[in-house]
Every structure is written in structure tokens, then in C-alpha cells.
Amino acid sequence: MPHIPSQEKPSSIERRSSARLATSLFTASFSSRPAVGASAPGRVNLIGEHTDYNGGPVLPVAVERRTAAVARIANRWSLVSDAGGGVQEVELDAPLRRNWTDYIIGVVRELRTLHAAPRGAEIAVATTLPIGAGLSSSAALTVATAKALSLLAGKRLTPAQLVEVAFRAEYHHVGVRCGRMDQTIAVHGESRSALLFETATGELRRVPFPGRLWIVETGVPHRLTAGELNRRRRECEEALAFCRDWRPALRHLAQLSAADLPEMARRLPPPLVPRVRHVVTETVRTREAADVLAGGDLRRLGRLLLEGHESLRVDYQSTVAEADFIVKSAMEHEAYGARLTGAGWGGAVVVLAPEMLEARVVAEIGGDFAARFGRHPEMWNTRAAAGVRREALPE
Ligand code: GLA
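Residues numbered from 1 in each chain as written. Predicted model: local features only at pLDDT ≥ 70, side-chain atom pairs only at ≥ 80, totals over all residues. Heavy atoms only, no water.

Caption draft 1: Region of interest: the overall build of the chain. When helices and strands are tallied, the chain shows 12 helices and 12 strands. In terms of overall dimensions, the chain is globule-like: its C-alpha atoms have a radius of gyration of 21 Å, near the 21 Å expected for 395 residues. C-alpha atoms of the chain, sized along the principal axes, occupy 60 × 60 × 35 Å. Going through the 395 residues of the chain one by one, you find that 60% of them count as buried. Across the chain, the fraction of contacts at a sequence separation of at least 24, relative to all contacts at a separation of at least 6, is 72%. Per element, the accessible surface of the chain, about 16,000 Å² overall, is 51% carbon and sulfur. Considering the chain, the positive charge centre built from 51 side chains and the negative charge centre built from 44 side chains are found 4 Å apart. (Helix = DSSP H or I, 4+ residues; strand = E, 2+ residues; numbered from the N terminus. Rg over C-alpha atoms; globule rule 2.2 N^0.38 Å. Buried < 20%, exposed > 50% of the residue type's maximum accessible area, 1.4 Å probe, protein only. Contact = heavy atoms within 4.5 Å. Areas by Shrake-Rupley, 256 points an atom, 1.4 Å probe, with all protein chains shown as cover. Lys, Arg positive; Asp, Glu negative; His and termini not counted. Charge placed at Lys NZ, Arg CZ, Asp CG, Glu CD.)

Caption draft 2: Molecular detail of the packing of helix α4 (residues 137-152) against helix α5 (residues 159-174). Following both chains from N to C, one finds α4 and α5 inclined at 125 degrees, their axes separated by 9 Å at the closest point. Classified by the interaxial angle, the pair formed by α4 and α5 is oblique. Read as a crossing pair, α4 and α5 show a hand that is right-handed. From α4, S138, A139, T142, V143, A146 and K147 reach across to α5, where they touch L162, V165, A166, A169 and E170. (Axes fitted to C-alpha atoms, helices over the stretch in contact; angles between N-to-C directions. Parallel < 35°, antiparallel > 145°, perpendicular 65-115°, else oblique. Left-handed = near helix turned anticlockwise from the far one by under 90°.)

Caption draft 3: Quick peek at the side chain of S193. Structurally, S193 is set in strand β6 (residues 193-198). We classify S193 as buried; its relative accessible area is 9%. Not counting the four nearest positions on each side in its chain, S193 is found in contact with R206, V207, P208, F209 and A384.

Caption draft 4: Quick peek at the pairing of strand β8 (residues 212-217). Burial within β8 is extensive, with 5 of its 6 residues counted as buried. By the bridge criterion, 5 bridges tie β8 to strand β11 (residues 379-383) in an arrangement that is antiparallel. Across the sheet, W214 pairs through a bridge with N381, a residue of β11. When β8 meets strand β10 (residues 348-352), the two strands line up antiparallel, connected through 4 bridges. The residue bridging I215 from the neighbouring strand is V350, located in β10. (Pairing = 2+ DSSP bridges.)

Caption draft 5: Seen up close, the packing of aromatic side chains. Under the defined criterion, the tally for this structure stands at 5 aromatic pairs. Judged by centre distance (5.4 Å) and plane angle (85 degrees), the rings of F325 and F373 are edge-to-face. Taken together, the residues span a long stretch of sequence, with F325 in helix α11 (residues 321-332) and F373 in helix α12 (residues 358-373) at a distance of 48 residues. For F325, a relative accessible area of 24% gives the class partly exposed. Ring pairs connect the aromatic residues F325, F369 and F373, which therefore count as one cluster. (Phe/Tyr/Trp six-rings, centres within 6.5 Å; stacked < 30°, edge-to-face > 60°.)

Caption draft 6: Broad picture of the pattern of salt bridges. All chains considered together, the criterion is met by 26 salt bridges. Residue E198 is joined to R287 by a salt bridge in which the shortest nitrogen-to-oxygen separation is 2.8 Å. Taken together, the positions of E198 in strand β6 and R287 in helix α9 (residues 273-294) put the pair 89 residues apart, joining distant regions of the chain. The partner of R313 in a salt bridge is E310, with the nearest N and O atoms 2.7 Å apart. Here R313 pairs with E310, and both are found in helix α10 (residues 298-316), just 3 residues apart, close to one helical turn. When its relative accessible area of 32% is taken as the criterion, E310 is described as partly exposed. Connected via shared salt-bridge partners are R232, E235 and R275. (Salt bridge = Lys/Arg side-chain N within 4 Å of Asp/Glu carboxyl O.)

Caption draft 7: Expanded view of the nonpolar core. Within the largest apolar cluster, 83 residues are counted, with the highest numbers of intra-cluster contacts made by I123, L149, L253 and V351. Not counting the four nearest positions on each side in its chain, L149 is found in contact with A71, W77, V108, L111, A116, P118, A121 and I123. Counting residues in hydrophobic clusters, the runner-up holds 29 residues, among them V44, L129, F209 and L304. (Core = buried A, V, L, I, M, F, W, Y, C linked by side-chain atoms within 4.5 Å.)

Caption draft 8: Molecular detail of the site of the ligand. For the ligand, the full set of nearby residues is R43, E49, H50, D52, Y53, C178, G179, M181, D182 and A343. In isolation the ligand has 310 Å² of accessible area, and contact with the protein removes 95% of it. Residues that form the shell around the ligand fall into these classes: 4 nonpolar, 2 polar and 4 charged. (Near = heavy atom within 4 Å. Nonpolar A, V, L, I, M, F, W, Y, C, P; charged D, E, K, R; others polar.)

Caption draft 9: Summary view of the sheet that holds β10. Spatially, the 4 strands line up as an open sheet ordered β9-β10-β8-β11, and their pairing is antiparallel. The strands lining the two open edges of the sheet, one partner per strand, are β9 (337-341) and β11. Averaged over all neighbouring strand pairs, the angle between strand axes comes to 30 degrees, with direction disregarded. Sheet strands touched by α10: β9 and β10. Its angle to β9, the strand with the most contacts, is close to 40 degrees. This element, α12, spans β8, β10 and β11 of the sheet and lies at about 5 degrees to β8.

Caption draft 10: Highlighting the pairing of strand β1 (residues 36-47). Most of β1 sits inside the fold, with 12 of its 12 residues counted as buried. Here 10 bridges tie β1 to strand β2 (residues 57-73), and the two strands are oriented antiparallel to one another. Each bridged residue has a counterpart across the sheet, and for A38 the counterpart in β2 is A69.

Caption draft 11: Geometry of the environment of G202. Within the fold, G202 resides in the loop between β6 and β7 (203-208). The exposure class of G202 is partly exposed, given its relative accessible area of 40%. In this structure, the C-alpha to C-alpha distance between G202 and R180, residues 22 residues apart in sequence, is 9.8 Å.

Below is the structure:
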């Protein structure tokens, strides 16, 4: 008998507001009430993986699970997280500590350059997102913190500034060579819409998505992600340099078309060929996915998700056995499609299934996974949700 995922569990997680959690943590840690709060969502990327740092499109959805930051002005920087470890006193100019506080220090350093940081603050952060599951808990943290601290400093940043502060915190301070997808959806997410983000031009197009997605976590923490992601990014940069010998005006790999692939394959060192092939085919799939989603063709969208997963598995080599297994099981049980979402090397699979069948499909996936790996995966669902917002703090 397959394990039926409880409908209660995910919805109760979503109802527990991250702002409420952060406020309780703040009060317990600093014996006072916070002055401001903000929250930002995690994301599931429908398709468009590893295209954002190659000038291609992405099609993410903001999820209902969020991270909140609440704060109050102080003379020092004191940070506390619901992940544990107690209150941490940090110095902005000291070497980074290689933990979650680095993200906040990165945000504050960036806000300072915009004169949008308070002189110091007590900050509490809490999340209803799983950490390290490829659902962009880091951008939820940086965007929520950037919003809360800029409000505390009496500044209203534009959406573009919020994206940039959060991106630069992660890229320049934490040192993850990410693109801008996660920060962009954390800022611009909208209820019941996916967002087609053309990273080369900055163009944003909302695509209605009233449906529901299931997230099946592999339970493989992608601890090595920063290293692997940085390595793939270097490979893409190297490939671009080779391509420019042949096409000097090329700005991004995503500008190549499918018709360029045979010539590219003749010119590039063999290990780089599949990386470029993934970027080029994923670019085509992502734009088509936005069109078929807009037309309501979920069956075709599902096929594209599956093709995207195969491309990650074979060409980009960023999947793990657990994710491949979940995708295969989903397809055997008549999902429309499934794919590993986010950077990879662990993380979570997004499953798109016909609404009438979805409870059965995920139950079967859970059963198959447990039989193979000896444990039940975390599974929950979400609809497309809103981006960053100021939080009215609970009394
Ligand atoms: C991580 C990065 C994103 C993007 C994805 C892969 O989530 O933060 O910018 O590159 O990986 O699509």
C-alpha cells in the first residue's frame, strides 16, 4: 500500500507564517519587539536550468513557503536564526564565517554602498522552506533581509535594486557564481503566475499558472553545489571563449541556435560540447514551455520538463540517482512530467501531474522511493505565490 502524503502536513507548514516565527525568535532572543519585518519566497524553477548565467531564459514560480527577517536598530550587528546556534555577534569587515551569517553580512555591505543600511541592527530570521533542497532558500534570505534592513534605514529600494543587492551578496561576498534567477523571482513573484525571465535583456513576462506543483525532495543535501555550480560556470565561460574564435560577436552561449551545434561540436574540446548542447536546447525548451503554459497545454509542458531532466542528466551531468529515480517513477505513474529543479547535485524534483491523479501519483512515487532507498521522501505541494513583501508584525 503506497504511503499517502497527508494533505494536512504541507498546508499547515505553509500556514505557519515565517514572520510570526521570526518575531517569536526575535522577542525570545533580544527581549524586545522588532520594528520592521519582511519576507520573501523560495522558488521552484519549472524549466530553464543553468541558462541564467548563459544569457538564456528561465521560467520559475515563487512557492508558498517563505523566509522572514525582522529587525530593530542597534549599535552592533546581532543575528539569530531559527536554524539554531543562538545569537551571533558579527563584524561587517571581519572575514566571513562560511555559514548563514555571511549572506546577511553580504546584504549589509551592499546596502551600505546605496546608503540604505542602518548603523547596526538586531535581526532574527526564520523560514518555512527546506534548506539546501534546491528551492532557493538563500535568495529568500537575502531578499527578505535586504527589504527589512532598507526599511529600517528609512529607504525604499526599487525592485531592481533589491535584486541587485541580493545577487551581489551571494555572488561577490558568499562566492557562489549564481545567475540572477533566484533573486528575480523572490522579488517579482506573483500569485498564480510563472515568470519568464529573459536574462540577456532583463525582460519579464508573466505566464498565468493557476495549477499546483508537487515537490519531492531527494533528501540529498546539495552541500557541494557551490563548488559544482562554480565549476560548470567556468566550463561555460571556457566554451564561450572557444566559440568566440569562430563567432566573435557572440555574447552568450544561449545565442547559439540548434543549427550551430554541429559546427560547435567540431570546434570545442569534447568535454565542453554537451554543456553547450544543454544550454542551447534548454533555451529552446524554456521559451516553448512558456508558450504552451500560456496556452494551457500541460501535457506538452510535462514532456518539456522530462526532456529538460534528460538534458541535465546526460549533457549537464548535474543530477543524482535519487532524482533520476523520482522522475522515472513519476512518469511510470502517469505524471505529465517531472524534473530536477534548481542547481542540482541533490535538491528536489518538481512533478506536474493531472489534477485528478496527483494524490495517487505522489503516493506511488513515495512508495517506490521508500522501497528503493529505505526512507520516505518529503513531498509537498504549492501554487505560484507572491514575491517579497513588508510584513505587518504580529502583536
Ligand atoms: C542556482 C543559481 C541560479 C541558477 C540555478 C541553475 O540556483 O543560484 O542562479 O543558475 O542554480 O539554473
